[in-house]
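Summary of structural features
Now for the letters of each chain:
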Amino acid sequence: MAVEQTLSIIKPDAVGNHHIGAIIQRFEESGLKIAALKMLQLSREQAEGFYAEHSERPFFTSLVEFMISGPVCVQVLQGESAVARNRELMGATNPEEAAPGTIRADFATAVSANAVHGSDSQASARREIDYFFAADEIYTR
Ligand code: RTP
Ligand code: MG
């Protein structure tokens, strides 16, 4: 197993519902270190670029509208197998299918308002971390 970094976003629904602290606590209690952290209001262009892989999907416009509907928190999580471990903590995309005790089971309200984003591969993680953070904003130790 290798130490990895992954990008996490606490989405506007969870920020608006006051779940920032509870979600960060799940990461830290699982042993994932917060290596970088910031709160920001995404522009439409930033949200479209971030989710560019989904640009042809029918839900793309509503996904972008949702992601710019309020501020988000973006984090770099660091630890052993961080990409997969964060996805396990998050649970399935649709909260109705998310395992009990996962972030989405506990805090998401719909597939379109599902509380968190997590990188789905190490390659995505690299792109997504670079999308939001400069190298000197990430604290690796
Ligand atoms: P994310 O990228 O946000 O971490 O979510 P994910 O990997 O679990 O799911 P993905 O397939 O990448 O989809 C990105 C986001 O688009 C919304 N979505 N809506 N209406 C739908 O059927 C549908 N499918 C996906 C979700 O909010 C999902 O998180
Ligand atoms: Mg995804």
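Here the structure is a predicted model, which means the values were calculated and not measured.

To continue, consider the pairing of strand E3 (residues 72-80). Most of E3 is tucked away, with eight of its nine residues classed as buried. Relative to E3, strand E1 (residues 3-10) runs antiparallel, the two being bridged by eight bridges. Bridge pairing in E3 links Leu7 to Val76. Looking at chain direction, strand E2 (residues 33-40) and E3 are connected through seven bridges and run antiparallel. Looking across to E3, one finds that Met39 is bridged to Cys73.

Attention now goes to the layout of surface pockets. Volume-wise, the largest pocket comes out at about 480 Å³. Around the largest pocket sit 22 residues that line it, and Tyr51, His54, Phe59, Leu63 and Thr93 are the ones nearest its centre. For the lining of the largest pocket, the secondary-structure elements that each account for two or more residues are helix H4 (60-67) and strand E4 (116-118). Considered class by class, the residues forming the lining of the largest pocket number seven nonpolar, eight polar and seven charged.

Now for the environment of Lys38. Structurally, the position occupied by Lys38 is in strand E2. Lys38 gets classed as partly exposed once you look at its relative accessible area, which sits at 25%. For the pair formed by Lys38 and His18, sequence separation is 20 residues and the distance between their alpha carbons is 16 Å. Among all residues touching Lys38, those that are not within four sequence positions of it are Val72, Cys73, Val74, Phe132, Phe133 and Glu137. Here the side chain of Lys38 touches Phe132 through a polar contact of 2.8 Å, landing on its backbone oxygen. Within the structure, the side chain of Lys38 is placed 3.3 Å from the side chain of Glu137, a separation counted as a polar contact.

What follows deals with the UniProt feature "binding site: ATP" (unreviewed entry) in the protein chain. What UniProt calls "binding site: ATP" (unreviewed entry) maps, in this numbering, to Lys11, Phe59, Arg87, Thr93, Arg104 and Asn114. For the largest pocket, the lining residues among the annotations just cited are Lys11, Phe59, Arg87, Thr93, Arg104 and Asn114. What makes Lys11 buried here is its relative accessible area of 5%. Beyond its immediate stretch of four places on either side in the chain, Lys11 contacts Tyr51, Phe66, Met67, Val72, Arg104, Asn114, Ala115, Val116 and His117. Turning to its location among the elements, Asn114 is positioned in the loop between helix H6 (103-107) and E4. In this structure Asn114 comes out as buried when scored by relative accessible area, which is 2%.

Moving on, we come to the site of ligand 1. With respect to spatial proximity, 13 residues lie near ligand 1, and among them Lys11, Tyr51, Thr93, Val111 and His117 are the closest. Here His54 contributes a side-chain N or O atom positioned 2.8 Å from an oxygen atom of ligand 1. Relative to its unbound accessible surface of 560 Å², ligand 1 loses 78% to contact with the protein. Only helix H5 (82-90) and E4 provide two or more residues apiece to the shell around ligand 1.

Attention now moves to the UniProt feature "domain: Nucleoside diphosphate kinase-like" (unreviewed entry) in the protein chain. What UniProt calls "domain: Nucleoside diphosphate kinase-like" (unreviewed entry) maps, in this numbering, to residues 3-140. As annotated, residues 3-140 comprises 40% helix and 20% strand, and the C-alpha atoms at either end are separated by 10 Å.

Reading the values: the criteria
Residues numbered from 1 in each chain as written. Chains lettered and ligands numbered in written order. Predicted model: local features only at pLDDT ≥ 70, side-chain atom pairs only at ≥ 80, totals over all residues. Heavy atoms only, no water. Buried < 20%, exposed > 50% of the residue type's maximum accessible area, 1.4 Å probe, protein only. Helix = DSSP H or I, 4+ residues; strand = E, 2+ residues; numbered from the N terminus. Pairing = 2+ DSSP bridges. 1 Å grid on protein atoms, 1.4 Å probe; cavity = no way out; pocket = protein on both sides within 12 Å on 5 of 7 lines; lining within 4 Å. Points joined across faces, edges and corners; volume = space filled by probe spheres on them. Nonpolar A, V, L, I, M, F, W, Y, C, P; charged D, E, K, R; others polar. Contact = heavy atoms within 4.5 Å. Polar contact = N/O pair within 3.5 Å; in protein donor to acceptor, adjacent residues only side chain to side chain. UniProt positions renumbered as here; feature names shortened; annotations may be inferred. Near = heavy atom within 4 Å. Areas by Shrake-Rupley, 256 points an atom, 1.4 Å probe, with all protein chains shown as cover.

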